[in-house]
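Overview (structure and organization)
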Amino acid sequence: MKEDHWLSWCCIYVLLCNNLVYCEGSCRKIVFLEVKEDAALQNHLIRSIAPSASEHFCRVQCFLENECVSYNYGQVTCQLNNSTAAEHPLDLKAKQNFIYRGIQNSCSSMPCLNHGTCQSGFDPHGYRCFCTAGFTGTQCDNDIDECASSKSNPCQNGGTCINVPGAFQCQCPGGFIGARCETVASECASYITLNAQDRNVHYRGRAKCDNNLETKWYRFQGQAGRKLATTCPQIHRCNTDLPGWMKGKHPNVEDGIVKRQVCFHGYQKCCYKTTTIDVRSCGAYFVYKLMKSPFCNSRYCGTG
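Residues numbered from 1 in each chain as written. Predicted model: local features only at pLDDT ≥ 70, side-chain atom pairs only at ≥ 80, totals over all residues. Heavy atoms only, no water.

1. Some words on the state of the cysteines
This model, assessed by the stated rule, comprises 13 disulfides. With a sulfur-sulfur separation of 2.1 Å, Cys232 is cross-linked through a disulfide to Cys270. When the S-S torsion is -95°, as for the bridge of Cys232 with Cys270, the disulfide is left-handed. Highlighted residues: Cys232 in the loop between β20 (227–228) and β21 (242–247) and Cys270 in strand β23 (residues 269–281), separated in sequence by 38 residues. Judged by its relative accessible area of 28%, Cys232 is partly exposed. Sulfur-sulfur distance for the disulfide between Cys263 and Cys271 comes to 1.8 Å. Sign of the S-S torsion, about 60° for the bond between Cys263 and Cys271, identifies this disulfide as right-handed. (Disulfide = S-S within 2.5 Å. Helix = DSSP H or I, 4+ residues; strand = E, 2+ residues; numbered from the N terminus. Buried < 20%, exposed > 50% of the residue type's maximum accessible area, 1.4 Å probe, protein only.)

Okay, here's the thing in structure tokens:
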């Protein structure tokens, strides 16, 4: 049974199952191919319609379903498919009292890029693409630059927008986190201040120890200095026997929370004992997640 059937629908009315259906805008034009008897396409079902009055009714339903490119009809059941046997020949299975019919499928070449959805039978290309977020164009091949306009900058709180394929990234200023820099980092908003003069690396003395320090976020301020020391201080400084300093550089804002090693200088070794802490740049200052020192007398020392 070889038969070509053309269906086109553009600004016309059709009375179907006692419902008035109106199609306006882009016109769909599809060619139904030869029927395959006692066969049905498996694994590509969009929806099943039962009871179905006739094969002609099933054909019209496939035309009206924009993603339908083939159908199975039999036993008064209409099954609409989103692929054809041409693309998936192994999925065309024998099935008694059913027929399978596909269309000339312009989507078989997968013209829609970047995970766009293809619908066959639409002018002027024989298909149309529905693009995923971040892409546009006939074939979804054009990346949308979300950062192009300063007025539509998706990054909040002074964040810098960086365009990437199909999306954007925000480089957040100090103290802010989140996909759009919409959230204040809790450690940058809530911390304990260390500002005693005797915590500075230039203070001579050996009386104190951080063995009672709670594990929390801290910030160096005032006479203690602006940050944790990053060079090995002399012993008996910042009012302790073994002054503590951070090995490695301070992080940048975009680094987020990083881990660093703190060394305690003693017994002629700049790293006589060590512990590991968390550090974050909040832009104008740094915060440190400190814990009690590993032994006495040792202490975290500020500088700057």
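2. Description of the pattern of salt bridges
Across all of its chains, the model carries 10 salt bridges by this definition. For Asp241, the salt bridge is made with Arg206, and the minimal N-O distance between the two is 2.8 Å. Taken together, the residues Asp241 in the loop between β20 and β21 and Arg206 in the loop between β18 (192–194) and β19 (216–220) connect sequence positions 35 residues apart. Given the relative accessible area of 17%, Asp241 is considered buried. Among the ionic pairs, Asp278 bridges to Lys259, the shortest N-O distance being 2.9 Å. Of this pair, Asp278 sits in strand β23 while Lys259 sits in strand β22 (residues 258–266), and the two are 19 residues apart along the sequence. What makes Lys259 exposed here is its relative accessible area of 57%. Members of the salt-bridge network, linked through shared partners, are Glu55, Arg59 and Arg101. (Salt bridge = Lys/Arg side-chain N within 4 Å of Asp/Glu carboxyl O.)

3. Some remarks on the side chain of Arg237
With respect to the helices, strands and loops of the structure, Arg237 is situated in the loop between β20 and β21. No salt bridge is formed by the buried Arg237; its nearest oppositely charged neighbour, Asp241, is found at 11 Å. Setting aside residues no more than four positions away along its own chain, Arg237 makes contact with Val201, His202, Tyr203, Arg204, Gly205, Pro243 and Cys301. (Lys, Arg positive; Asp, Glu negative; His and termini not counted. Contact = heavy atoms within 4.5 Å.)

4. Remarks on the packing of aromatic side chains
Tallied over the full model, the rule gives 7 aromatic pairs. Ring centres of Phe264 and Phe295 lie 6.1 Å apart, and the angle between their planes is 65°; on these two criteria the pair is classed as edge-to-face. Taken as a pair, Phe264 in strand β22 and Phe295 in the loop between β24 (286–290) and β25 (298–300) lie far apart in primary sequence, 31 residues in all. Taken as a pair, Phe264 and Phe295 share a single burial class, namely buried. Grouping aromatic residues by their ring pairs yields a cluster made of Phe264, Tyr267, Tyr272, Phe295 and Tyr300. Over the ring of Phe98 we find Lys95, and its NZ or CZ is 4.3 Å from the ring centre. Directly above the aromatic system of Tyr272 lies the positively charged group of Lys273, at a separation of 5.5 Å from the ring centroid. (Phe/Tyr/Trp six-rings, centres within 6.5 Å; stacked < 30°, edge-to-face > 60°. Lys NZ or Arg CZ within 6 Å of the ring centre and 35° of its normal.)

5. Details of the side chain of Thr240
Locating Thr240 in the fold gives a position in the loop between β20 and β21. In terms of polar contacts, Thr240 uses its side chain to reach the backbone carbonyl oxygen of Lys208, at 2.8 Å. Polar contacts involving the side chain of Thr240 include one to the main-chain carbonyl oxygen of Asn297, which spans 3.1 Å. (Polar contact = N/O pair within 3.5 Å; in protein donor to acceptor, adjacent residues only side chain to side chain.)

6. Looking at the environment of Asn105
Position of Asn105 relative to the elements: it lies in the loop between β9 (92–102) and β10 (117–120). With residues up to four places along the chain from it excluded, the contact list for Asn105 reads Val69, Thr84, Glu87 and Ser120. Engagement of the side chain of Asn105 in a polar contact is seen with the side chain of Glu87, the distance being 3.1 Å. Here the side chain of Asn105 touches Ser120 through a polar contact of 3.5 Å, side chain to side chain.

Coordinates in, geometry out; function isn't part of it.
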